[in-house]
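Read off the chains here:
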Amino acid sequence: MTDIATRATRVVRSPGGRRRLNGGGPRAGTIFAFVIPFFLPFVLFYLVPVGYALWQSVRVVRRTGGQYGTSYTTFGGFEQYGKVFQNDEFWSSIGRIGLFGIVQVPVMLFVALVIALLLDTPLLRLKSAFRIAAFMPYAVPGVIAAIMWSYLYSPQLSPVVDLLNDIGLKPDFLGPGAVLWSAANISTWLWTGYNMLIMFSALQSIPQELYEAAKLDGASNWAIAWRIKVPIIAPSIVLTTVFSIIGTLQLYAEPAVLRQISSNISSTFTPNMLAYAVASGNNYQQAAAISVVIAVITFVLSFGFMRLTSKRAGL
Amino acid sequence: MSSTVTRIRLGAVAVAASVAVLAGCSSSAPSAKTSAASCAPAKGKVTLQYWNTVPGMDKVVALWNKKNPDIQVETKNISNDQYGTLGNALKAGKAPDLAQVGYDELPNLRTQSAFVDASACSAATAAKSKFVPWTWSQTSFGNTGVFALPQDTGPMALYVRSDIFKKYGVAIPTTWDEYAAAAQKLHKADSKLDITFFDPNNAEWFNGLLWQSDSQMYGYSGGKWQVTVASQQSKQVADYWQKLISGKLVRTDLAHGSTQMYAAYQQNQIASYIGAAWGYSMFRDNLPKQAGKWTIVPMPTWGSDGASGDWGGSTVAFMKGSKHLYESVKFNTWLNTDPEALALENQLGGLYPAADAGLQLPALSKGVPYYNNEKIFDVFAASSKKINTSFAWGPTQKTVNLALQDAMAKAAAGDGTLSDALAAAQAAALKSMKDQAIPAAAGK
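Small disclaimer: the values here were computed from a predicted structure and weren't measured.

Caption draft 1: Highlighting the overall build of chain B. Counting its regular elements, chain B contains 19 helices and 10 strands. Taking 22 Å as the expected radius of gyration for a compact globule of 444 residues, we find that chain B reaches 22 Å, a close match to that expectation. The C-alpha extent of chain B, read off along each of the three principal axes, is 70 × 50 × 45 Å. Evaluated residue by residue, chain B yields a buried proportion of 58% over its 444 residues. The contacts in chain B between residues at least 6 apart in sequence include a share of 76% that link residues at least 24 apart. With 40 positive and 33 negative side-chain charges, chain B shows a separation of 2 Å between the mean positions of the two kinds.

Caption draft 2: Structural context of the interface of chain A and chain B. Every contact between the two is made by 46 residues of chain A and, on the other side, 53 residues of chain B. Where chain A abuts chain B, roughly 4,300 Å² becomes buried across the two surfaces, and 52% of that area is made up of carbon and sulfur atoms. At the junction of chain A with chain B, the criterion picks out two salt bridges. Linking B:Asp406 and A:Arg259 is a salt bridge whose minimum nitrogen-to-oxygen distance equals 3.9 Å. Secondary structure elements with two or more residues in the side of chain A that touches chain B: α3 (25–57), β1 (59–63), β2 (71–75), α7 (142–153), α13 (253–258) and α14 (271–280) of chain A. At five residues, α14(A) tops the list of elements feeding residues into the side of chain A that touches chain B.

Caption draft 3: Spatial organisation of helix α12 (residues 259–266) of chain B. Residues and elements named next belong to chain B. Across the eight residues that make up α12, a large majority, six, are buried. Among the residues making up α12, those that are buried are Gln260, Met261, Tyr262, Ala263, Ala264 and Tyr265. Once α12 finishes, Asn268 follows within two positions and takes phi at roughly 55°, a positive value.

Caption draft 4: How the structure looks around the confidence of the model for chain B. Residue and element names in this part refer to chain B. For chain B, per-residue confidence averages 90 on the pLDDT scale, and residues scoring 70 or more make up 92% of the total. Across residues 1–35, confidence stays below pLDDT 50; counting only partners more than four residues off in sequence or on other chains, it has 73 contacts. Predicted complex metrics record ipTM = 0.83 and pTM = 0.87.

Caption draft 5: Molecular detail of the packing of helix α10 (residues 208–216) of chain A against helix α11 (residues 221–232) of chain A. Residue and element names in this part refer to chain A. Following both chains from N to C, one finds α10 and α11 inclined at 140°, their axes separated by 11 Å at the closest point. With respect to α11, the axis of α10 lies oblique. Crossing of α10 over α11 shows right-handed handedness. Within the contact between the two elements, α10 uses Leu210, Tyr211, Ala214 and Lys215 and α11 uses Asn221, Ile224, Ile228, Lys229 and Ile232. The class makeup of the residues in the contact of α10 with α11 is six nonpolar, one polar and two charged.

Caption draft 6: Spatial organisation of the pairing of β1(A). Residue and element names in this part refer to chain A. Counting buried positions along β1 yields four of five residues, so the element is predominantly enclosed. With five bridges connecting them, β1 and β2 associate as antiparallel partners. Within the sheet, the bridge partner assigned to Arg62 lies in β2 and is Tyr72.

Caption draft 7: Structural detail: the environment of A:Met199. Residue and element names in this part refer to chain A. Counting through the fold element by element, Met199 comes out in helix α9 (residues 179–204). Assessed through its relative accessible area of 0%, Met199 is described here as buried. Spatially, the C-alpha atom of Met199 lies 9.3 Å from that of Val230, the residues being 31 residues apart in sequence. If we skip the residues at most four places from it in the chain, Met199 touches Leu109, Ala112, Leu113, Ala116, Ile233, Ser236, Ile237 and Thr240.

Caption draft 8: Fine view of the packing of helix α3 (residues 57–67) of chain B against helix α14 (residues 325–337) of chain B. All names here are of chain B. Across the interface, α3 lies against α14 with an axial gap of 11 Å and an inter-helix angle of 120°. Between α3 and α14, the interaxial angle falls into the category oblique. As for the relative orientation of α3 and α14, their crossing is right-handed in sense. Across from Met57, Val60, Val61, Leu63 and Trp64 in α3, the residues of α14 making contact are Lys330, Phe331, Trp334 and Leu335. Partitioned by chemical class, the residues of the contact of α3 with α14 number eight nonpolar, no polar and one charged.

The rules behind each value
Residues numbered from 1 in each chain as written. Chains lettered and ligands numbered in written order. Predicted model: local features only at pLDDT ≥ 70, side-chain atom pairs only at ≥ 80, totals over all residues. Heavy atoms only, no water. Helix = DSSP H or I, 4+ residues; strand = E, 2+ residues; numbered from the N terminus. Rg over C-alpha atoms; globule rule 2.2 N^0.38 Å. Buried < 20%, exposed > 50% of the residue type's maximum accessible area, 1.4 Å probe, protein only. Contact = heavy atoms within 4.5 Å. Lys, Arg positive; Asp, Glu negative; His and termini not counted. Charge placed at Lys NZ, Arg CZ, Asp CG, Glu CD. Buried area = accessible area lost by both parts, 1.4 Å probe. Salt bridge = Lys/Arg side-chain N within 4 Å of Asp/Glu carboxyl O. pLDDT = per-residue confidence, 0-100. Axes fitted to C-alpha atoms, helices over the stretch in contact; angles between N-to-C directions. Parallel < 35°, antiparallel > 145°, perpendicular 65-115°, else oblique. Left-handed = near helix turned anticlockwise from the far one by under 90°. Nonpolar A, V, L, I, M, F, W, Y, C, P; charged D, E, K, R; others polar. Pairing = 2+ DSSP bridges.

Take a look at the structure:
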């Protein structure tokens, strides 16, 4: 163990170490030993399933005749992808979460940023208590959170709905127009604290001297927040935005749970729900093609956003 | 309790499991032609695998194991993700000898070559006379094979809050016309009261209503499945419920089996329930305060023939790859026709038997305290005998049900009608069969 450690130190220290590593026998072995715990699961549980989905997505089912003929799969080229692009349900699910993301992501990140900035001011007391309180929802598993909220939305059981009814408002959280935003609310509740924490840790790493200098120049707390803190933590904001875009495209648990009590969430409400519905009908090849398309869209959107903002954010 | 309820509804676990399923897709292997199954008894001791979703089934199997040291049965409860588990096991070539399969999933699994025909065993073919007629036509696919033995059924009936009907002087309806009239009277008498609820996310229930109306969703001729999901008879049912929905005479915001549904019944907002035999324990167990207020009568009828419908129920299927068909038939026959086994399944799992012998069980001929000591099972037994025997399910029923539900939900929200929903389901049936390379055409 100590042997490995000292050798590793030497690797880091020696200036030409990198190049020499390629040819080095024992050193390559060491690197391999360190990398394998990550690499093996990465291949088994990430690359292999992705590859399998790709392979499935170019297969089609054929059948020998008769009412209950035997089925087999064969190569079908891009047939499954053609079907995905012609599928209205798919595009309306994409449109739905697009709307969801355009509204929910900025709202959530704005709230997260405000909380992070508040926690970073010297004015606030009981900071760690607030920090934990804001982070707490993230500790609740998504499905449990959705079940909890579904009780709060339910007209039969919710004290909140009762209260609102009593003061003359007649809310219908599960109605056709509202249910998307009810799901968005759950996501926001779940993820704001997580995003806040990323921004907050970025704020913590800003050297105090900067603030002192700004103060000497006569900057108010407000100006320090918007002119110094926010630009410096911009990379974290970009990062949380990318995470949120990915999360939005993969939305599943919240609407799937709300679906149990509201018929206004269809089986094809989000792209992932559509993929699941198709798979449950034994059409694994089509489900694989849908999954691949979702992955490509996610990739394009998140990397596109990173490129778009990288210069300004200094990434 | 019935598998139907647990299968259809809820479960954080189910949602979590389905997330997992998303990750791993499987392929269907090109399978060799099924050779005719032989029915030779094995030499020596045999162990069978039997997967099911029935509570307490392990105890029933323990009884068998005690009596049959040479044919031991191992059970596994797969109620978490019944068809996902089965489908994956099939693709991996690790299916059990016997598995519980709902009637509406039989054609789907058969198109995946999941079953073995047990008709080589005389004990299997001889069992035909022991079951309620409609169940046998489903397990044999209206033909001569024996792919499964019927286990339980869900003959439908009308659950009525007799106290509410009495209070407002409304007679208990016997036809659907009377039912609609009663719906109006009750709602007029109390604006917060509805005769029942229509759950748009419950295609299985709606299918039971279609079954009752003499609809045929599928046929087979000319080498093709004939899809008649949106037939005239089905439209009659759809139009009927559309009228009740448009007139705001039924609730559409309650999911079957949900806490919200029980709360609505608890708060006396709903006066009746169109349900199956297995539903009797739902009300007994979830609404104990309403003991004595419920009565069960035959389902309202369309015509003079008094036809009834079925909602739910299961079979125990002979799975492909089983090496012990003879023993499987022996156990399966005992499990689903022996009075002792049936009594235990009814007591522990709440199963309403598909076997005629089961309908005569002492437990099913007594009065039930919750229902004023009425002999409610006589109603279900009568219903069971009036179920159309030629009704058949399609090979992509799950997809069709989802499409039907999505469109029924739109109709309930005022976007389109239930008739449109049938058309959407019809289209989904044709499309999904095409995707699975199953020859299909729109039937008349």
